[in-house]
Amino acid sequence: VPATPPTPGDTAAMPATPATPASPAAKTTLTAGATVKDSQGNTIGTIGALSGANATVMIDGKAVSVAQSVLTQTGDTVVSTQTKAQLLASAKPRTK
């Protein structure tokens with residue numbers, strides 16, 4: 001009895017590629033005064049101050065507290081994973 005050839009698309013012989021976790025070493029220290037842009041390159045504002053895990057971003061004259069984890073600095077530019085509208089919406093008071 002001849003051996004049965006492997007079924008096309010059978011990936012049993014290929015090990016799964018593990019997900020690569022974010023490297024803590026890749027985190028860059030943010031700088032006050034740096035320009036904050038969205039992922040499309042549109043200017044959102046500037047970093048006014050840094051405090052713990054948050055950064056204060058000046059957007060249209062408003063001080064908005066933003067988690068540093070959504071910001072990545074490259075040179076003098078900081079890129080936000082959130083849009084200007086999302087950052088401003090997060091600054092609105094919440095009522096319960």
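Scroll up to find the structure this text is about.
This one's a predicted model, so the numbers in the text were calculated from it and none came from an experiment. Starting from 1, residues in each chain are numbered consecutively following that chain's sequence as written. Per-residue local features are limited, in this predicted model, to residues with pLDDT of at least 70; the limit for side-chain atom pairs, both in listing and counting, is 80 or more; totals at the level of whole chains, interfaces and linings are taken over all residues. Values shown for side chains rest on all heavy atoms present in the structure; no hydrogens or waters enter the calculation.

**Q** I tried to follow the side chain of Asp38 on my own but got confused; where do I start?
**A** Segments assigned H or I by DSSP are reported as helices when at least four residues long, segments assigned E as strands when at least two residues long, and all are numbered from the N terminus. By secondary structure assignment, the location of Asp38 is in the loop between β1 (35-37) and β2 (43-51). Among buried Asp, Glu, Lys and Arg side chains, Asp38 stands out as unpaired, with Lys37 the closest opposite charge at 8.5 Å. N or O atoms closer than or at 3.5 Å make up a polar contact, with two conditions inside protein: a donor-capable atom paired with an acceptor-capable one, and, for residues adjacent in sequence, both atoms drawn from side chains. In terms of polar contacts, Asp38 uses its side chain to reach the backbone amide nitrogen of Asn42, at 2.9 Å. In this structure, Asp38 is in contact with Ile44, Val79, Ser80, Gln82 and Thr83, ignoring residues within four places of it in sequence. For every residue, the accessible area obtained with a 1.4 Å probe (protein chains only) is divided by the maximum for its type, and the residue is called buried under 20%, exposed over 50%, and partly exposed between those limits. Charge counting follows a simple rule: Lys and Arg are positive, Asp and Glu are negative, and His as well as the terminal groups are ignored. Whenever Lys or Arg places a side-chain nitrogen within 4 Å of a carboxyl oxygen from Asp or Glu, that contact is recorded as a salt bridge. By definition in these notes, contact holds between two residues if any of their heavy atoms fall within 4.5 Å.

**Q** When you look at the sheet that holds strand β4 (residues 62-67) in this model, what are you seeing that I'm missing?
**A** Hydrogen bonds along the backbone pair up the strands of a sheet, which may run parallel or antiparallel. Strand pairing is assigned whenever DSSP identifies at least 2 bridges connecting the two strands. Pairing is mixed across the open sheet formed by six strands, whose spatial order is β4-β3-β2-β1-β6-β5. Where the open sheet ends on each side, the last strands, each with one partner, are β4 and β5 (71-74). On average, each strand axis in the sheet is tilted by 35° relative to the strand beside it, whichever way the strands run. Strands β2, β3 (54-59), β4 and β6 (77-80) of the sheet are contacted by helix α1 (residues 84-91), whose axis makes an angle of about 100° with β4. Only C-alpha atoms enter the line fits that serve as axes; for helices the fit covers just the stretch in contact. Angles between N-to-C directions range over 0 to 180 degrees.

**Q** Help me out: how do you make sense of the pairing of β5 in this one?
**A** Where a strand is regular, its side chains alternate between the two sheet faces. Residues of β5 alternate between two faces, with Leu71 and Gln73 buried on one and Thr72 and Thr74 left unburied on the opposite face. Once β5 ends, the chain turns through two residues before running back antiparallel as β6, passing Gly75 with a positive phi of about 65°.

**Q** Please clarify how the pairing of β4 should be interpreted in this entry.
**A** Pairing between β3 and β4: six bridges, direction antiparallel. Bridging from a neighbouring strand, Thr56 pairs with Ser65 of β4.

**Q** Would you explain the environment of Met58 in this entry?
**A** Mapping Met58 onto the fold places it in strand β3. The partly exposed category is assigned to Met58, whose relative accessible area is 32%. Along the backbone, Met58 and Val36 are 22 residues apart, and their C-alpha atoms lie at a distance of 9.1 Å. Sequence-distant contacts of Met58, that is, excluding residues within four places in its chain, are made with Ile44, Gly45, Thr46, Gly48 and Ala63.

Function-wise, these values are silent; they only describe arrangement.
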